[in-house]
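Tertiary structure, described
One letter stands for each residue in the lines below.
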Amino acid sequence: MIPVTIPSPIQEITEPFLEKKEIRLFLKREDLIHPVVSGNKWRKLKYNLQEAKAQNQTTLLSFGGAYSNHIHALSFAGKSFGFKTIGIIRGEKTLPLNPTLTYATEQGMLLHYLSREEYREKETASFLEKIKSVFGEVYIIPEGGKNNLAIKGCAEIPEEIEIDYDYLCTSCGTGTTMAGLIAGCHGKKSIIGFSALKGNFISSEVQILLNEFGNENTHKNWSVQNDYHFGGYAKTKKELLDFINGFETTHQLPLEPVYIGKMLFGIYDLIEKGFFKKGSRIIALHTGGLQGNEGMKTIPAL
Ligand SMILES: *Cc1c(COP(=O)(O)O)cnc(C)c1O
């Protein structure tokens, strides 16, 4: 068991720009849920950990890139709940291990590397068979924790919000958190996702996830913004880093550039453009991810 801060606190962000635009902005500080298993990673793992226990499984296996917040969180949560953990990592092993993978190893996670080509095949039936033959009986959690139990966990986020609001915003990687918010809002409010990846596929991913979830899949009160990826996943630009530095200094709270910085940049840009109705209240999720900051410092801004 690990002690988590649920419900996560809601903090208002105040500044003259927001006042002038007659918008109230709040951050739901999911990053404060736990120092390691923070943000949506806890929401996504919770029911998976329970299910693995119910199945009497001893080992959890999942997938991720070398800087994955999910792998980082799983290594700690798995250990805390008494599971062995295996991380299947995309790409070749590079030494020294980066801070994310060093941490995962210290938690006892066994790392196994796959070439990018092999990694792409990781969800095929034949590959999953291979995993069973190499590692034995394991509880498999998809990359990024993307499954129905993860959606169920994220659907609990809106239930916790006691203040009145109009828009609920989140950053999107796999779209699982977004699907959970849509499910948990039951057709009420407007849910807006900000894709951290280049392309226009998050909307259809979210719809597929909702269809697999089995209900809550006919709502139309949501949309995805695809213009705030800053070059793609884990890519960044000076304009984004300047925005993040300014925000962190003004509000004295930490952001990270892979997900949350991009979402907040997008929210500010949309406020500037008059996208949100005057007088409305926006709640944005601070989905955590601060562990990746160490590794990101080595990635150059374009
Ligand atoms: C993983 C992650 C996301 C993306 O969540 P999805 O459910 O995969 O869309 C967003 N923000 C942070 C900080 C994350 O670590």
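Structural data are supplied above this passage.
To start, this report covers the structure provided alongside it.

Observations concerning the pairing of strand β7 (residues 167–172)
The buried fraction of β7 amounts to six of the six residues, a majority that puts the element mostly inside the structure. Taking every second residue as pointing to the same face, both faces of β7 are buried, with Tyr-167, Cys-169 and Ser-171 on one and Leu-168, Thr-170 and Cys-172 on the other. In the sheet, β7 pairs with strand β8 (residues 190–195) via six bridges, with the strands oriented parallel. Across the sheet, Cys-169 pairs through a bridge with Ile-192, a residue of β8. Handedness of the β-α-β unit built from β7, helix α9 (residues 176–185) and β8 comes out right-handed. Across three bridges, β7 lies against strand β10 (residues 281–286) in parallel orientation. Across the sheet, residue Tyr-167 finds its bridge partner in β10, namely Ile-282.

Remarks on the site of the ligand
If you check the shell around the ligand, you find 15 residues, and the closest are Lys-41, Asn-69, Thr-174, Thr-177 and Thr-287. In the environment of the ligand, an oxygen atom lies 2.8 Å from a nitrogen or oxygen atom belonging to the side chain of Lys-44. The separation between a nitrogen atom of the ligand and a polar side-chain atom of Thr-287 is 2.7 Å. Its free accessible area being 390 Å², the ligand has 97% of it covered by the protein chains.

Let's talk about the packing of aromatic side chains
Each aromatic ring pair is specified by the distance between its two centres and by the angle formed by the two planes. In total, this model carries 12 aromatic pairs according to the counting rule given. Where Phe-194 meets Tyr-228, the ring centres are 6.0 Å apart and the plane angle is 50 degrees; that geometry is what we call tilted. A residue pair is termed long-range when its members are at least 10 positions apart, and Phe-194 in strand β8 and Tyr-228 in the loop between β9 (222–225) and α11 (238–251) qualify at 34 residues. What makes Phe-194 buried here is its relative accessible area of 1%. Considering the side-chain rings of Tyr-228 and Phe-265, the 6.4 Å spacing of their centres and the 55 degrees angle between planes classify their relative orientation as tilted. Of this pair, Tyr-228 sits in the loop between β9 and α11 while Phe-265 is found in helix α12 (residues 260–272), placing the two residues 37 residues apart along the sequence. Residue classification places Phe-265 among the buried residues on the basis of a relative accessible area of 15%. Through successive ring pairs, a cluster of aromatic residues spans Phe-17, Phe-194, Tyr-228, Phe-230, Phe-243, Phe-247, Phe-265 and Tyr-268.

Some details on the sheet that holds strand β3 (residues 59–64)
Strand order in the open sheet formed by four strands is β5-β4-β3-β6, and the pairing between neighbours is parallel. Edge positions in the sheet fall to β5 (110–114) and β6 (139–140), since each of these pairs with one other strand and no more. Pairing between strand β4 (residues 84–90) and β5: five bridges, direction parallel. From the neighbouring strand, Arg-90 faces β5, where its bridge partner is Leu-114.

Let's talk about the packing of helix α3 (residues 69–80) against helix α4 (residues 99–106)
Each packed pair of helices is defined by two parameters, the angle between the axes and the distance between the axes. Relative orientation of the contacting elements α3 and α4 amounts to 15 degrees, with a least axis distance of 8 Å. In this view, α3 runs roughly parallel relative to α4, as classed from their interaxial angle. Remark: the crossing between α3 and α4 carries left-handed chirality. Contact residues: α3 offers Ile-71, His-72, Ser-75 and Phe-76, while α4 offers Thr-100, Leu-101, Tyr-103 and Ala-104. Along the lines of polarity and charge, the residues of the contact of α3 with α4 split into five nonpolar, three polar and no charged.

Here we look at the environment of His-186
Checked against the element boundaries, His-186 lands in the loop between α9 and β8. Judged by its relative accessible area of 45%, His-186 falls in the partly exposed class. Along the primary structure His-186 and Ala-284 are separated by 98 residues, whereas in three dimensions their C-alpha atoms are 18 Å apart. Beyond its immediate chain neighbours, meaning those up to four positions away, His-186 contacts Glu-216 and His-219. At 2.7 Å, the side chain of His-186 forms a polar contact with the side chain of Glu-216.

Remarks on the pattern of salt bridges
Considering all chains together, one arrives at 13 salt bridges under this definition. Residues Glu-160 and Arg-43 are paired through a salt bridge, measuring 2.8 Å at the closest nitrogen-oxygen approach. On the criterion of sequence distance, the pair formed by Glu-160 in the loop between α8 (156–159) and β7 and Arg-43 in helix α2 (residues 40–54) is long-range, its members being 117 residues apart. If you follow the salt bridges from partner to partner, you end up with Lys-28, Glu-30, Arg-43 and Glu-160 in one network.

About the criteria used
- Residues numbered from 1 in each chain as written.
- Predicted model: local features only at pLDDT ≥ 70, side-chain atom pairs only at ≥ 80, totals over all residues.
- Heavy atoms only, no water.
- Buried < 20%, exposed > 50% of the residue type's maximum accessible area, 1.4 Å probe, protein only.
- Helix = DSSP H or I, 4+ residues; strand = E, 2+ residues; numbered from the N terminus.
- Pairing = 2+ DSSP bridges.
- Right-handed = clockwise from strand over helix to strand, strands pointing away.
- Near = heavy atom within 4 Å.
- Polar contact = N/O pair within 3.5 Å; in protein donor to acceptor, adjacent residues only side chain to side chain.
- Areas by Shrake-Rupley, 256 points an atom, 1.4 Å probe, with all protein chains shown as cover.
- Phe/Tyr/Trp six-rings, centres within 6.5 Å; stacked < 30°, edge-to-face > 60°.
- Axes fitted to C-alpha atoms, helices over the stretch in contact; angles between N-to-C directions.
- Parallel < 35°, antiparallel > 145°, perpendicular 65-115°, else oblique.
- Left-handed = near helix turned anticlockwise from the far one by under 90°.
- Contact = heavy atoms within 4.5 Å.
- Nonpolar A, V, L, I, M, F, W, Y, C, P; charged D, E, K, R; others polar.
- Salt bridge = Lys/Arg side-chain N within 4 Å of Asp/Glu carboxyl O.

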